[in-house]
Amino acid sequence: MDKKKRVVQLLPNLSYGDGVGNDVLAIDQILKKNGYDTHIYADYIGDRIDKTIASPVRKMRELTEDDIILYHLSTGCRLNYQLADYPGKKIIRYHNVTPPKFFSLYDSRNAVGCREGLRGMQVLRETADYCLADSEFNKQDLIRAGYQCEIDVIPVLIPFGDYRKEPDPETVARYSDGMTNILFTGRIVPNKKQEDIIEAFTCYQKYYNKNSRLILAGSPAGAVTYYDSLQEYVRRLGVQNVVFTGHISFAEILACYSTADLFLCMSEHEGFCIPLVEAMLFEVPIAAYLSTGVTDTLGGSGFPIGRKDPLETAGILHYVMTHEEVRKRLISEQNTRLQDFDGEIAGSRLLDDIERWQ
């Protein structure tokens, strides 16, 4: 067999625990395991990233026409405009760009970044030789933007084995006190609509279950104004036992899932939504507002929420929590859907697609 081509993964920011970053790291492992000469280059590299597998873009080795660039598109950055200048085949791994309207009331800097990301996506349609979207929603987003190249869908690579690690025992003990735990994990950002979760939980606690807790696990970094508004909203509603964890370790995240009774998602924009798959892994029943990539990722599993009505959503939570046969059915359907996200299967498909460019 001919020598495999070099594959370079390129992205603006590489951080541990970030959905895009985790996908990049999982792809890196699969490429190396299968004999590829590969490396990751990013403008920003987080402190927890192994510096032997990732380097600053300015240190990137000279590329040739025989190389393959796997570019991860999710935000506005200079690389969106510079990618065309590099030699080699360009494969766009599209994770979606959050519409700026979600940030306009809270954070002008993030809104500008989103606008630049959408502008960059338009520019890259002339650069891409091939696209790998991580959801059908994202594929359709590229088609609407005018992409003419071939586009395939391969989900985010999620290493299931990582979730079998030991959860943080102190966090497990804290949340194993007999209270009903409603969980949502994800960054504190406006598109995820944590305020809608809080409002629905307020109704659930008031009318159905006073012995309940809402855990919002995620970092508010980059969206402090929105986070402050959520804190004020909790105070104004007078709801009790709402926990904002802030940035926590992976072991603490595992503990949140292992003690959760139900996962509630009210997000209005997701390219994929990895936490849905994480909840499936822990057999936590999911209730979710059907929008954007959430609908694709659930694939018919979970309890669908069709409209934003906090009292109605509270009733759904109560229904799921008080009907064991419903919980079992949801978990069974989620387990079936989970098989579609097996990291090894998705990784094998991704390798097949890359090898087409050999």
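From a predicted model like this one, the values you see are computed outputs, not experimental measurements.

## Some remarks on the packing of aromatic side chains
Okay, so step 1: Summed over all chains, the structure comprises ten aromatic pairs.
Okay, so step 2: Taking the centre distance of 6.5 Å and the plane angle of 40° together, the rings of phenylalanine 201 and tyrosine 204 count as tilted. Taken as a pair, phenylalanine 201 and tyrosine 204 lie in helix H6 (residues 194-207) at a separation of three residues, close to a single helical turn.
Okay, so step 3: Judged by its relative accessible area of 0%, phenylalanine 201 falls in the buried class.
Okay, so step 4: An aromatic cluster is built from Phe184, Tyr257, Phe263 and Phe282, whose rings are joined through pairwise contacts.
Okay, so step 5: It is arginine 174 that lies over the ring of tyrosine 175; its NZ or CZ is 5.7 Å from the centre.

## Some thoughts on helix H7 (residues 224-237)
Okay, so step 1: With 14 residues, H7 should reach 20 Å at 1.5 Å per residue; the first-to-last C-alpha distance of 20 Å fits that figure.
Okay, so step 2: Of the positions making up H7, those classed as buried are Tyr226, Tyr227, Leu230, Tyr233 and Val234. An end-on view of H7 places all buried positions within 115° of arc, on one side of the element. In H7, the exposed positions angled more than 90 degrees off the buried face are occupied by Arg235 and Arg236.
Okay, so step 3: Tucked into the core, H7 has its buried residues touching H6 and strand E10 (242-246).
Okay, so step 4: Note on H7: the residue one or two positions beyond its end, glycine 238, has a positive phi of about 75°.

## Details of the environment of tyrosine 147
Okay, so step 1: Note that tyrosine 147 resides in the loop between helix H4 (136-144) and strand E7 (150-153).
Okay, so step 2: On the accessibility criterion, tyrosine 147 (5% relative accessible area) is buried.
Okay, so step 3: Considering only alpha carbons, one finds tyrosine 147 and methionine 121, 26 residues apart in sequence, at a separation of 9.4 Å.
Okay, so step 4: When sequence neighbours within four positions are dropped, the list of residues in contact with tyrosine 147 reads Leu73, Met121, Leu124, Arg125, Ala128, Cys131 and Leu142.
Okay, so step 5: Separated by 3.4 Å, the side chain of tyrosine 147 and the backbone nitrogen of arginine 125 make a polar contact.

## Looking at the pattern of salt bridges
Okay, so step 1: Counted under the stated rule, the structure contains 21 salt bridges.
Okay, so step 2: The partner of aspartate 28 in a salt bridge is lysine 32, with the nearest N and O atoms 3.2 Å apart. One end of the pair, aspartate 28, and the other, lysine 32, are both in helix H1 (residues 19-33), four residues apart, so they sit about a helical turn from each other.
Okay, so step 3: For aspartate 28, a relative accessible area of 3% translates into the label buried.
Okay, so step 4: Here aspartate 162 and lysine 165 are joined by a salt bridge, their closest N and O atoms 3.9 Å apart.
Okay, so step 5: When its relative accessible area of 30% is taken as the criterion, aspartate 162 is described as partly exposed.
Okay, so step 6: The network of salt bridges with shared partners includes Glu150, Asp152, Asp353 and Arg356.

How each quantity is defined
Residues numbered from 1 in each chain as written. Predicted model: local features only at pLDDT ≥ 70, side-chain atom pairs only at ≥ 80, totals over all residues. Heavy atoms only, no water. Phe/Tyr/Trp six-rings, centres within 6.5 Å; stacked < 30°, edge-to-face > 60°. Helix = DSSP H or I, 4+ residues; strand = E, 2+ residues; numbered from the N terminus. Buried < 20%, exposed > 50% of the residue type's maximum accessible area, 1.4 Å probe, protein only. Lys NZ or Arg CZ within 6 Å of the ring centre and 35° of its normal. Expected span 1.5 Å × (residues − 1). Arc of directions from axis to C-beta. Contact = heavy atoms within 4.5 Å. Polar contact = N/O pair within 3.5 Å; in protein donor to acceptor, adjacent residues only side chain to side chain. Salt bridge = Lys/Arg side-chain N within 4 Å of Asp/Glu carboxyl O.

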